Amino acid sequence: MGHTDTATDELISFRSSFHRCLAPWGDALFELTDALLCSPAPVGSVPSLSLEPEFRRSHGSLYKALADGDVDDVSLRELLVSHRPKGWPLVFAVDASTWDRCDAECSPERGFHYSASKHSAGQPIVAGWSYQWISQLNWAPDSWTAPLDALRITPAMDAATATLDQVKRLVGLLPADREVPLFVFDAGFDGVALGHGLSNTRAEVLVRIASTRVFHPDPTPRATGTAGRPRRHGPRFVLADEETWPVPDAEFTTSVRRYGNVTVAAWHNLHPKLHGRGKWKDYDEPPIIKGSVIRVEVEHLPKPIGRIKKTLWLWWSGDGEPDLDLCWRAYLRRFDIEHTFRFVKGTLGWTTPSVCTPQQADRWTSLIIAAYTQLRLARQLVDDLRLPWERRSDPKKLTPVRVRRGFRRLRATLGTPAHPPKSSTPGPGRPKDTRKPPRTRYPAVKKAA
């Protein structure tokens, strides 16, 4: 009972603090969040949420709350960090997901972004808004994560700079007396540039790299009296050519049921050969950025899928030397953020609303993250309301879908900090003989290669 009371108090405290982050139209935004949490079915449309009993206002308040309301992003970010799971490791997954708005010509700041499920002209890109999420990971074999921040990457932003600012902002909110936080990125992020930008930040970077990369150690000291320019790079370390590999600086071997024998090898103090273009065009001489190259090889895969290699290459940068056991496990757990994207899109309806402006999309994204956090805090407080054809589940290991199914009963005991609605007398409406001018159209921005 003591543990349950503590979890209930934490959830009530989060709801009260979240309500204080919403102004104006805070009551409508809060009840909108409760409506999407308590809806018995996946969110198919936002107007249908106004019919839920948790939303005590008219449907017009729903539109006005998204259009004219506001969310204090700084306070909400601090609230999410303060209520993160304290027993989880400081391992964070960073990944972007696209909110497609292909035909929304009146929506500004759209760009062309990668999409795994939708294609345009045969290419996996769509026009829309791209949001980059940072979620804390856990070692438990489930699909739960703890989203702590979401940033919309506009076409006018430099993605690498925005990522660095987002990571530094989160590191400033984390405790400085625990282990150094590890941020895990998938292929597509420039791990060398991230390591260089976070060199003065208390953080470690782990990025997947292609097997075609080439690195170099430091050159051997030149003989005294030798003429010419000193060498900056040692012999080539080709990931695809085993003959160029020296003896690993560190090795780790373990055995797990899912992958069999896992062998991890690392080579420290390697660096790529950079050139004076792109990010390094303003440097008189490209810098030497050192890190560790990690090779992960497993005995077998869980399912035999064609063309998937059994060797994984990772780039690590930070102070000291990497923990090899932590690195390979952290990268595999990174894929839990994909389960979070699938849940918030398919069940909570993150990309369902046809909002017009990106500011409205930002508000809706904040509500989605707060709703998901409430489900995580309610894991031990709800009953398993399974359907007749579903298997029984351990009450301590309920999935986000099953926790949401029982949240309506829990919400009745939690109460709400939102104030009762005022008079619902309809307004005068639009004056007679008035027309709105055509909306401004914004083409999707296509960034140069």
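Residues numbered from 1 in each chain as written. Predicted model: local features only at pLDDT ≥ 70, side-chain atom pairs only at ≥ 80, totals over all residues. Heavy atoms only, no water.

Caption draft 1: How the structure looks around the overall build of the chain. Within the chain, the regular secondary structure consists of 11 helices and 12 strands. Projecting the C-alpha coordinates of the chain onto the three principal axes gives extents of approximately 90 × 60 × 45 Å. Accessible surface, the chain: about 23,900 Å² in total, of which carbon and sulfur atoms supply 52%. Computed over 63 positive and 50 negative side-chain charges, the separation of the two mean positions in the chain equals 5 Å. (Helix = DSSP H or I, 4+ residues; strand = E, 2+ residues; numbered from the N terminus. Areas by Shrake-Rupley, 256 points an atom, 1.4 Å probe, with all protein chains shown as cover. Lys, Arg positive; Asp, Glu negative; His and termini not counted. Charge placed at Lys NZ, Arg CZ, Asp CG, Glu CD.)

Caption draft 2: Examining the pattern of salt bridges more closely. Scanning the entire structure with this criterion turns up 27 salt bridges. Salt-bridge contacts for Arg 77 lead to Asp 149; the nearest nitrogen and oxygen are separated by 3.3 Å. Here Arg 77 is found in helix H4 (residues 73-82), whereas its partner Asp 149 is found in strand S4 (residues 146-153), with 72 residues between them in sequence. Asp 149 carries the same exposure label as Arg 77, and that label is buried. With a shortest N-O distance of 3.6 Å, Glu 285 and Arg 232 are connected by a salt bridge. Taken together, the residues Glu 285 in the loop between strand S10 (260-270) and strand S11 (291-298) and Arg 232 in the loop between strand S7 (214-215) and strand S8 (237-238) connect sequence positions 53 residues apart. A relative accessible area of 25% means that Arg 232 is categorised as partly exposed. Via salt bridges that share partners, Asp 27, Glu 31, Arg 56 and Arg 57 belong to a single interconnected network. (Salt bridge = Lys/Arg side-chain N within 4 Å of Asp/Glu carboxyl O. Buried < 20%, exposed > 50% of the residue type's maximum accessible area, 1.4 Å probe, protein only.)

Caption draft 3: The pairing of strand S6 (residues 204-208), seen in detail. The buried count for S6 comes to four of five residues, which makes it a mostly enclosed element. As for the winding sense of the linkage, the β-α-β connection from strand S5 (residues 182-185) through helix H6 (residues 191-197) to S6 is right-handed. (Right-handed = clockwise from strand over helix to strand, strands pointing away.)

Caption draft 4: Structural view of the packing of helix H3 (residues 59-68) against helix H9 (residues 358-377). As a packed pair, H3 and H9 sit with axes 8 Å apart at the nearest point and diverge in direction by 105°. In terms of their interaxial angle, H3 and H9 are classed as roughly perpendicular. For the pair H3 and H9, the contacting residues are Ala 65, Leu 66 and Ala 67 in the first and Gln 360, Arg 363 and Trp 364 in the second. Grouping the constituent residues of the contact of H3 with H9 by class yields four nonpolar, one polar and one charged. (Axes fitted to C-alpha atoms, helices over the stretch in contact; angles between N-to-C directions. Parallel < 35°, antiparallel > 145°, perpendicular 65-115°, else oblique. Contact = heavy atoms within 4.5 Å. Nonpolar A, V, L, I, M, F, W, Y, C, P; charged D, E, K, R; others polar.)

Caption draft 5: Inspection of the packing of aromatic side chains at higher detail. Across all of its chains, the model carries 19 aromatic pairs by this definition. Here the aromatic residues Trp 99, Trp 129, Tyr 131, Trp 133, Phe 341 and Trp 350 are joined through ring pairs into a cluster of three or more. Across from the ring centre of Trp 280, 5.8 Å away, lies the NZ or CZ of Lys 279, which sits over that ring. In this structure, Arg 334 is placed above the aromatic ring of Phe 335, and the distance from its NZ or CZ to the ring centre is 4.6 Å. (Phe/Tyr/Trp six-rings, centres within 6.5 Å; stacked < 30°, edge-to-face > 60°. Lys NZ or Arg CZ within 6 Å of the ring centre and 35° of its normal.)

Caption draft 6: Fine view of unusual backbone geometry. The omega torsion of the bond from Ala 23 to Pro 24 falls at -10°, within 30 degrees of zero and hence cis. Phi is positive for Trp 25, close to 55°, though the residue is something other than glycine. The topology assignment puts Trp 25 in the loop between helix H1 (2-20) and helix H2 (26-38).

Caption draft 7: Structural detail: helix H8 (residues 336-346). Asp 336, Ile 337, Thr 340, Phe 341, Phe 343 and Val 344 are the residues of H8 that are buried. Along the long axis of H8, the arc covered by the buried residues comes to 165°, so they all point the same way. Looking at the buried positions of H8, the neighbouring elements they touch are strand S1 (91-100), strand S3 (125-136), S4, helix H7 (324-333), H9 and helix H10 (400-405). (Arc of directions from axis to C-beta.)

By themselves, these observations are geometric and do not establish any function.
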